[in-house]
Amino acid sequence: MTEYGSFPGVRPRRLRVNPAMRRMVAETRLHPADLILPAFVREGISEPVEIGSMPGVVQHTRDTLKKAAVEAVEAGVSGIMLFGVPEEEKKDALGTVGTDPDGILQVALRDVRAEVGDDLIVMSDLCLDEFTDHGHCGVLDADGRVDNDATLERYAEMAQVQADAGAHVVGPSGMMDGQVGVIRDALDTIGKEDVSILAYTAKYSSAFYGPFREAVGSSLTGDRKTYQQDPANVRESLRELALDLEEGADMVMVKPAGPYLDILAKVAEAVDVPVAAYQISGEYAMVEAAAERGWIERDRAIMETLLGIKRAGANMILTYWATEAARQLR
């Protein structure tokens, strides 16, 4: 043992003595610009509808969505990711309303761009699950399986109508093979080279999506295990990552965030493009439920979860607490 004038001579606690010291030596910092707000807009409602399994989150009307976008700008949030919830009778097997220029998602994109312009990066979920009567992320074949290549044709159409409606960024979340390349070609074909692709590169088949399915009014029957990733796999994520980058992804994402911080760290180490992580509905719901029962300190828990995601390597975090957390950080 090394001899010092006093023992112990090395005292890491010296760098923890007060808030100013801890702030000065912090290795990881959260900033409002790290945050992206996922938001739901529902067709045919005149007042926001509370989502029971996600306390504090609502299905917006077109007007309240615009207000939420303005509030996000004022708080310093960087982006908003929009999800459309159509009227139930408009759903069909092909998710036609998802490619209708007058569908709820495209209308909402135009609304938000008209309201905030370029002050907020307007992102659009590019997937069919909200719009299909079977709730899957793609077109089904005669045997009821998701047809990868037929789905890609639909994604190409979706990308074009979303870009025309004003999306700065499209987020293909269906985990179809080849989706990024097809979408990039579709966007470039109509002169939308400046529209970015945020690839849902590692999207796992997770139990934590439950509240989200209430939020979008999902009609899902069965599961998505044939196209979303197996939670047991790590190397598969890096393979998906390589493919997405080869196909032209501008940014990549890991989803969920909290249960997959190891995947997030590996992805962040492997790439030179921005990395996002999506703190999903189940992660949100667990904190809110525990806090409501007095089992944890809500505000501290929120910030700790976000800090953990940032520390693991995320440049951007999609979180339902985005505006609230941004206000606290400012």
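Procedures and definitions
Residues numbered from 1 in each chain as written. Predicted model: local features only at pLDDT ≥ 70, side-chain atom pairs only at ≥ 80, totals over all residues. Heavy atoms only, no water. Helix = DSSP H or I, 4+ residues; strand = E, 2+ residues; numbered from the N terminus. Rg over C-alpha atoms; globule rule 2.2 N^0.38 Å. Buried < 20%, exposed > 50% of the residue type's maximum accessible area, 1.4 Å probe, protein only. Contact = heavy atoms within 4.5 Å. Areas by Shrake-Rupley, 256 points an atom, 1.4 Å probe, with all protein chains shown as cover. Lys, Arg positive; Asp, Glu negative; His and termini not counted. Charge placed at Lys NZ, Arg CZ, Asp CG, Glu CD. Core = buried A, V, L, I, M, F, W, Y, C linked by side-chain atoms within 4.5 Å. Polar contact = N/O pair within 3.5 Å; in protein donor to acceptor, adjacent residues only side chain to side chain. Salt bridge = Lys/Arg side-chain N within 4 Å of Asp/Glu carboxyl O. Patch = residues over 30% accessible without salt bridge, like charges linked within 9 Å, V, L, I, M, F, W, Y side chains within 5 Å.

Colleague: Please explain the overall build of the protein chain as it appears in this structure.
Modeller: A count of helices and strands for the protein chain gives 11 helices and 10 strands. The C-alpha atoms of the protein chain give a radius of gyration of 21 Å, which matches the 20 Å a tight globule of 330 residues would have. Oriented by its inertia axes, the alpha-carbon framework of the protein chain measures out at about 80 × 45 × 40 Å. Counting all 330 residues of the protein chain, 51% fall into the buried class. Counted over contacts in the protein chain with a minimum sequence separation of 6, partners at least 24 positions apart contribute 74%. Per element, the accessible surface of the protein chain, about 15200 Å² overall, is 49% carbon and sulfur. Charge separation in the protein chain, taken as the distance between the mean sites of 34 positive and 54 negative side-chain charges, equals 10 Å.

Colleague: Please explain the nonpolar core as it appears in this structure.
Modeller: Note on soluble globular proteins: their nonpolar side chains tend to be buried together. Among the nonpolar cores identified, the biggest contains 94 residues, and Ile-80, Leu-82, Tyr-155 and Tyr-278 are the most heavily contacted of them. Each residue touching Tyr-155, except ones within four places of it in the same chain, is listed here: Leu-126, Cys-127, Leu-128, Cys-137, Gly-174, Met-176, Gln-179 and Ile-183.

Colleague: Help me understand the side chain of Thr-201, please; the structure alone is not making it clear to me.
Modeller: Checked against the element boundaries, Thr-201 lands in strand β7 (residues 196-203). On the basis of relative accessible area, Thr-201 is assigned to the buried category, the value being 2%. At 2.7 Å, the side chain of Thr-201 and the side chain of Asp-244 are in polar contact. Leave out the neighbours within four places in its chain, and Thr-201 touches Met-175, Gln-229, Ser-237, Glu-240, Leu-241, Asp-244, Val-252 and Met-253.

Colleague: Would you explain the pattern of salt bridges in this entry?
Modeller: When charged atoms on two side chains of opposite charge get close, those side chains can pair. Summed over all chains, the structure comprises 18 salt bridges. Across the salt bridge formed by Arg-184 and Asp-250, the nearest N and O atoms sit 3.6 Å from each other. A residue pair is termed long-range when its members are at least 10 positions apart, and Arg-184 in helix α5 (residues 179-189) and Asp-250 in the loop between α7 (235-247) and β8 (251-255) qualify at 66 residues. A relative accessible area of 32% places Asp-250 in the partly exposed class. A salt bridge links Arg-298 to Asp-299, with the shortest nitrogen-to-oxygen separation between them at 3.0 Å.

Colleague: When you look at a positive patch on the surface in this model, what are you seeing that I'm missing?
Modeller: On the surface, Arg-11, Arg-13, Arg-14 and Arg-16 cluster together into a patch of positive charge. Locating Arg-16 in the fold gives a position in the segment before α1 (19-25).

Colleague: Hey, could you run me through unusual backbone geometry in this one?
Modeller: A negative phi holds for most residues other than glycine; trans holds for most peptide bonds. Residues Lys-255 and Pro-256 are joined by a peptide bond in cis, for which omega reads -5 degrees. Even without being glycine, Met-175 reaches a positive phi, approximately 60 degrees. Summarising the element assignment, Met-175 is placed in the loop between β6 (169-172) and α5.

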